Amino acid sequence: MEGVGETSTAGPLALRVEHNTNRRRGACARCQAPMHDHLAALLRGGGGGAHHPRLVHGAAVKLGCIASTFLCNRLLLAYLRRPLLADARALFDEMPRRNLASWSILISGSAGLGALAGAFVLLSDMLHGAGRGSCDRPDSFTLGALAAGCARAKDIVAGAQMHACAVKFGVDEDESVAGVLVDLYAKCGRVDLSWRAFALAPQRSVVSWTSMIACLVGHGCSGYHETAIGLFKRMLALKVWPTNATFSCILKLFDMPELLPAGLQVHGCLVKMGTEIDPALGSALMTMYGRCGGVDEVARLASRITHDVFSRTSLLAAYARNGYNMEAVGVFREMVMENLAMDQSVITSLHQICSSLGQLRMAKEVHCYALRTFFKLDTLLLNATITAYSRCGDITSAENVFNLLENKDIISWTALLSCYAQNGLSQEALVLFMEMLQRGLESPVFCITSVLRACSTTTDLTAGLQIHSRAVKLGIDNDNSVENALVTLYAKCGCVRVALKIFNSMRNRGIISWNALITSFSQHGNEVAAVQLFDLMQEEGVCPDDYTFVGLLTSCSRMGLVAEGCKYFKQMTAKFNLVPKMEHYTCMVDLFGRAGRFCDAMDFIDSMPCQPDRLVWEALLASCRVHGNVQLGRLAAKKILEIRPEDPSPYIILSSIHASVDMWDEKAWDRTVFDTQRARKDTGSSWSNAHEISESTYDTLQVGVT
């Protein structure tokens, strides 16, 4: 009875508790759907007001809403946007139910974040039914995302597997998947497979067309470039309207001045279509115009588009490439004032400006700005820094940058080698080249030409022959720049016959080759041939430059052809639109002085548009020594000493002039002044070889000239 009583007493209470519990559960079930929507709305809050997914995740667990697949999928997307891949995977493993969207979100997110191996593991689990109640058949979105991940990783093996999966599950003809496959093979460098995927696609979207064009443009073969242009025209004919990305790809083809009209046509096409020029497309257009020399178009375009850091960088590089250095510096100042986050390519372009201007102070300021702005400078920027210091003549700074460079590449070595060669340190250049060979480094064309230039400066024919032999072994002896350097080398070393043989064997004879041969003939007593070569040069349609006329006027001076020399000097401005430099004025003074026409020489000096420098007066003083003109010799010596008081040569030459006309008292006075000033003659240097070069030597080296 006692037990029965207790039971009857507890029964109504238990029933009331159970009734209240069921009522709360019913209320929770009724509000569950609105709660899921509310939490999902917190994840996608607009205006940057989205809550952190971890907060929403915790609230979902606390409120018992984690069982909602819809909410969990929203949480997966939110985690992957952060990106918090580990949190997304943990949530995925805890999900009680998964659907196709759950798998697709995590697989595509993993592939997009570079976790390609994890994405493939998830796909394998999906195919083997590891998901609780999930579909084991991937759709086009899943396989397309995996193929896109393979494209970013340039993993053609995994990409081919995805292609096979797409065929197996019947989604290979899907428009989006076909476009991704074209892009996959394009980024992996397989133009043939990319073209095959493009040709077999039943429906080609603008993405497929753009990917195929980008693949053809990215390939170095000119034949592919023609195909890309044809594909672009076919695209327009089929009324598949290009996007900004399509125009950006096709504009990369136009990178030479002669291709400017074609680039203008593409620009006109996008304007006619009403395409909005965003900063990315504007950058592509300015880069194209910069490479083609259309600086006016660059300036007009820059004033019409909205700029970001990339378009500003393209504008700066376009100005720098075409020699508009002050405009480029102005763009850099605007970028600094706007606090744009510049990358190191901007500093590289600035160093190119410093190189062309020869402004050492600016080069150091740019270098300091780079050190202050960036945590670590990349090799490309440091190579440009070495070149800038080289062009500015600061060899010590160039060496310091090179020695502190951790990851030296072949461009770094070549930059320092060129630094030595351009600044007259020929022996240092040869030593550095030997060190490069000992380290097993390659010898690119630019490296060979630099070391050949060093051999030309020192007239070291023995070393030059060895470098020539190496160029033959490397198969680059037929390169135009190497042939020009070889012509210069043999010409300066007095081997005019060999220089002429190489010159005659050249397929493309540029102005450098003609100048080297004309100068060689002029310096080695064959002035008639130099003049004849100048006439032949014009017959072949090669326009002479400043250096051509230096060699030509020197030949006329040594042959005493005053009238011809004056005619050629007038042709510089009248026919060839060249502005005479101090070297040309020096040649003309030497021309009149050698002929003994000192009145004409002085009249010419008085008519010069600029102040004559030391070389002009030295040429006049040398002529006075030959003809014994004491009065004019004294004037020339006085002018030289005003420009360079420490120069001992005027005293020595003037003393010789006095001695030649038996003015011994004046000669003694010159010597007394020379000793009083404590002037010292510069130490001379010369290079000589102990053996002569025979005809068999050239046969052994197989220079390949006729």
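The paragraphs below set out a description of the structure included in this document. Since the model is a prediction, treat every value here as computed from it, not as a measurement.

### What about the overall build of the chain?
Now for step 1: Within the chain, the secondary structure is distributed over 39 helices and zero strands.
Now for step 2: When contacts within the chain are restricted to residue pairs at least 6 apart in sequence, long-range pairs at least 24 apart make up 60% of them.
Now for step 3: With the model as given, the accessible surface of the chain reaches about 36,400 Å², and the carbon-plus-sulfur share is 54%.

### Quick notes on the environment of Cys624
Now for step 1: Locating Cys624 in the fold gives a position in helix α35 (residues 614–627).
Now for step 2: In this structure, the C-alpha to C-alpha distance between Cys624 and Gly596, residues 28 residues apart in sequence, is 8.3 Å.
Now for step 3: With residues up to four places along the chain from it excluded, the contact list for Cys624 reads Phe598, Asn629, Leu632, Gly633 and Ile657.

### Section: unusual backbone geometry
Now for step 1: The peptide bond linking Arg82 to Pro83 adopts the cis configuration, its omega dihedral lying at 0 degrees.
Now for step 2: Along the chain, Pro83 falls in the loop between α3 (69–81) and α4 (85–94).
Now for step 3: With a phi angle near 55 degrees, Lys154 is a residue other than glycine that sits in the positive phi range.
Now for step 4: Structurally, Lys154 can be placed in the loop between α7 (140–153) and α8 (156–168).
Now for step 5: You can call Lys154 exposed: its relative accessible area is 58%.
Now for step 6: You will see that Lys239, though not glycine, has its phi angle at about 60 degrees, which is positive.
Now for step 7: The topology assignment puts Lys239 in the loop between α12 (222–237) and α13 (244–251).

### Quick word on the pattern of salt bridges
Now for step 1: Counting across every chain of the model gives 16 salt bridges.
Now for step 2: A salt bridge links Asp394 to Lys364, with the nearest nitrogen and oxygen atoms 3.8 Å apart. Remark: Lys364 occurs in helix α20 (residues 360–373) and Asp394 occurs in the loop between α21 (379–391) and α22 (395–404); sequence separation between them is 30 residues.
Now for step 3: When its relative accessible area of 37% is taken as the criterion, Lys364 is described as partly exposed.
Now for step 4: Between Arg614 and Glu618 there is a salt bridge, with its nearest N and O atoms 2.7 Å apart. Here Arg614 and its partner Glu618 are both found in helix α35, four residues apart, which amounts to about one turn of the helix.
Now for step 5: Judged by relative accessible area, which is 26%, Arg614 ranks as partly exposed.
Now for step 6: Among the charged side chains, a salt-bridge network with shared partners connects Arg312, Glu334 and Glu338.

### A short note on the nonpolar core
Now for step 1: Grouped together as the largest cluster of nonpolar side chains are 203 residues, with contacts concentrated most on Met162, Ile347, Tyr490 and Leu620.
Now for step 2: If near-sequence neighbours (up to four positions away) are discounted, Leu620 is found in contact with Val589, Phe598, Ala601, Met602, Ile605, Leu632 and Ala636.

### Digging into the packing of aromatic side chains
Now for step 1: Counted under the stated rule, the structure contains 15 aromatic pairs.
Now for step 2: When the ring of Phe232 is compared with that of Phe247, the centres are 5.8 Å apart and the planes differ by 70 degrees; the resulting orientation is edge-to-face. Of this pair, Phe232 sits in helix α12 while Phe247 is found in helix α13, placing the two residues 15 residues apart along the sequence. In terms of burial, Phe232 and Phe247 fall into one category: buried.
Now for step 3: Look at Phe569 and Phe604: their rings are 5.5 Å apart centre to centre, the planes differ by 70 degrees, and that puts the pair in the edge-to-face class.

### Observations regarding the packing of helix α26 (residues 461–474) against helix α27 (residues 480–492)
Now for step 1: Where α26 meets α27, the axes come as close as 11 Å, and the angle between the chain directions of the two elements is 160 degrees. As far as their axial angle goes, α27 and α26 are roughly antiparallel. Here α26 runs over α27; the crossing is left-handed. Facing Leu461, Gly464, Leu465, His468 and Ala471 of α26, the residues of α27 in contact are Val482, Leu486, Leu489 and Tyr490.
Now for step 2: Residues belonging to the contact of α26 with α27 are distributed by class as follows: seven nonpolar, two polar and no charged.

### Some points on helix α25 (residues 445–457)
Now for step 1: With 13 residues, α25 extends 19 Å between its outermost C-alpha atoms, agreeing within 8% with the 18 Å of an ideal straight helix rising 1.5 Å per residue.
Now for step 2: All buried positions along α25 are accounted for by Cys447, Ile448, Thr449, Ser450, Val451, Leu452, Ala454, Cys455 and Ser456.
Now for step 3: Looking at the packing, one finds that the buried side of α25 touches α23 (410–422), α24 (426–438), α26 and α27.
Now for step 4: Following α25 by one or two positions, Thr459 adopts a phi angle in the positive range, close to 50 degrees.

Conventions and cut-offs
Residues numbered from 1 in each chain as written. Predicted model: local features only at pLDDT ≥ 70, side-chain atom pairs only at ≥ 80, totals over all residues. Heavy atoms only, no water. Helix = DSSP H or I, 4+ residues; strand = E, 2+ residues; numbered from the N terminus. Contact = heavy atoms within 4.5 Å. Areas by Shrake-Rupley, 256 points an atom, 1.4 Å probe, with all protein chains shown as cover. Buried < 20%, exposed > 50% of the residue type's maximum accessible area, 1.4 Å probe, protein only. Salt bridge = Lys/Arg side-chain N within 4 Å of Asp/Glu carboxyl O. Core = buried A, V, L, I, M, F, W, Y, C linked by side-chain atoms within 4.5 Å. Phe/Tyr/Trp six-rings, centres within 6.5 Å; stacked < 30°, edge-to-face > 60°. Axes fitted to C-alpha atoms, helices over the stretch in contact; angles between N-to-C directions. Parallel < 35°, antiparallel > 145°, perpendicular 65-115°, else oblique. Left-handed = near helix turned anticlockwise from the far one by under 90°. Nonpolar A, V, L, I, M, F, W, Y, C, P; charged D, E, K, R; others polar. Expected span 1.5 Å × (residues − 1).

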